[in-house]
Amino acid sequence: MHPADINAALLKKGTNQTIIAESLDITHVAVSHVIHGRSSSKRIADAVSKATGLSLEKLWPGRYPRQTRQKLAAAA
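Given the structure is predicted, the values throughout are model-derived calculations rather than measurements.

Trainee: Sorry if this is basic, but what is going on with the overall build of the chain here?
Mentor: When its secondary structure is counted, the chain shows six helices and zero strands. When the helices and strands of the chain are listed from N to C terminus, the series reads α-α-α-α-α-α. Looking at the chain as a whole, 32% of its 76 residues are labelled buried. Restricting to contacts in the chain with at least 6 residues of sequence separation, those with at least 24 account for 43%.

Here it is, written out as structure tokens:
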């Protein structure tokens with residue numbers, strides 16, 4: 001999904017990058033980097049997914065494969 005569409009989805013849900021960043025105790029720049037594909041963070045991606053109500057696959061097709069998510073969940 002295009003970063004502008006992700007940001008629009010956040011706004012439609014009444015939130016934004018800054019609010020997500022504050023909830024994770026990180027900078028909004030870190031959230032922006034994940035949204036724009038400059039970096040990868042499962043924790044940030046999960047927060048964006050939860051905030052938008054959209055799956056990781058819908059937001060970033062192929063970036064966070066389902067098998068990897070299942071393995072991480074099993075290891076936790």
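Trainee: What am I meant to see in helix 2 (residues 17-24) here?
Mentor: Note that an α-helix has 3.6 residues per turn; residues three or four places apart therefore point the same way. Residues of helix 2 that are buried include every one of Gln17, Ile20, Ala21 and Leu24, and no others. Looking down the long axis of helix 2, one finds its buried residues gathered within 100° of arc, a one-sided arrangement. More than 90 degrees from the buried face of helix 2, the exposed residues found are Glu22 and Ser23. Along its buried surface, helix 2 packs onto helix 1 (3-12), helix 3 (28-35) and helix 4 (42-52). A distance of 2.9 Å separates the backbone nitrogen of Thr18 from a side-chain oxygen at the start of helix 2, and that oxygen is part of Asn16.

Trainee: In this structure, what is going on with the packing of helix 1 against helix 4? I would like to understand it.
Mentor: How two helices sit against one another is set out by the angle between their axes and by the gap between those axes. For the pair helix 1 and helix 4, interaxial distance at closest approach is 8 Å and the crossing angle is 55°. Classified by the interaxial angle, the pair formed by helix 1 and helix 4 is oblique. On helix 4, the residues that touch Ile6, Ala9 and Leu10 of helix 1 are Val48, Ala51 and Thr52.

Trainee: Please explain the packing of aromatic side chains as it appears in this structure.
Mentor: How two aromatic rings sit relative to each other is set out by the distance from centre to centre and by the angle between their planes. In this structure the tally under the stated criterion is one aromatic pair. Aromatic pair Trp60 and Tyr64: ring centres 5.9 Å apart, planes at 75°, arrangement edge-to-face. A single burial state applies to Trp60 and to Tyr64, both of which are buried.

Trainee: Is there a simple way to explain the environment of Arg43 in this structure?
Mentor: Structurally, Arg43 can be placed in helix 4. Accessibility expressed as a relative area gives 47% for Arg43, which makes it partly exposed. Linking Arg43 and Leu24, residues 19 residues apart in sequence, is a C-alpha distance of 8.6 Å. If we ignore the near neighbours within four places in the chain, the residues touching Arg43 are Leu24 and Ile26.

Trainee: Honestly, the pattern of salt bridges in this entry has me stumped. Any pointers?
Mentor: Side chains that differ in sign of charge can pair as their charged atoms come close. Within this structure, the stated rule accounts for one salt bridge. Among the salt bridges present, the one from Asp46 reaches Lys42, with a minimum N-O distance of 2.6 Å. With Asp46 and Lys42 both in helix 4, this residue pair falls four residues apart, about one helical turn. Residue Lys42 is classed as partly exposed on the basis of its relative accessible area, which comes to 26%.

Criteria and thresholds
Within each chain, residue numbers correspond to sequence positions counted from 1 in written order. Per-residue local features are limited, in this predicted model, to residues with pLDDT of at least 70; the limit for side-chain atom pairs, both in listing and counting, is 80 or more; totals at the level of whole chains, interfaces and linings are taken over all residues. Hydrogen atoms and water are omitted, and side-chain values are computed over all heavy atoms in the structure. A run of DSSP states H or I qualifies as a helix once it reaches four residues; a run of E qualifies as a strand once it reaches two. Both are numbered from the N-terminal end. Burial classes follow relative accessibility: with a 1.4 Å probe on protein chains only, a residue under 20% of its type's maximum area counts as buried, one over 50% as exposed, and anything between as partly exposed. A contact between two residues is defined here by any heavy atoms of the two lying within 4.5 Å. Relevant arc is that of directions from the helix axis to the C-beta atoms, nothing else. Under this definition, polar contacts are N or O atom pairs within 3.5 Å; protein pairs additionally need one hydrogen-donor-capable and one acceptor-capable atom, and for neighbouring residues in sequence, both atoms have to be side-chain atoms. Angles shown run from 0 to 180 degrees and are taken between the N-to-C directions of axes, each axis being a line fitted to C-alpha atoms and, for helices, limited to the stretch in contact. Note on angle classes: values under 35 degrees are labelled roughly parallel, values over 145 roughly antiparallel, values of 65 to 115 roughly perpendicular, and the remainder oblique. Classification of ring pairs rests on two measures: the distance between centres of Phe, Tyr or Trp rings, Trp counted by its six-membered ring, which must be within 6.5 Å, and the angle between planes, read as stacked under 30 degrees, edge-to-face over 60 and tilted in between. A carboxyl oxygen of Asp or Glu within 4 Å of a side-chain nitrogen of Lys or Arg is what we treat as a salt bridge.

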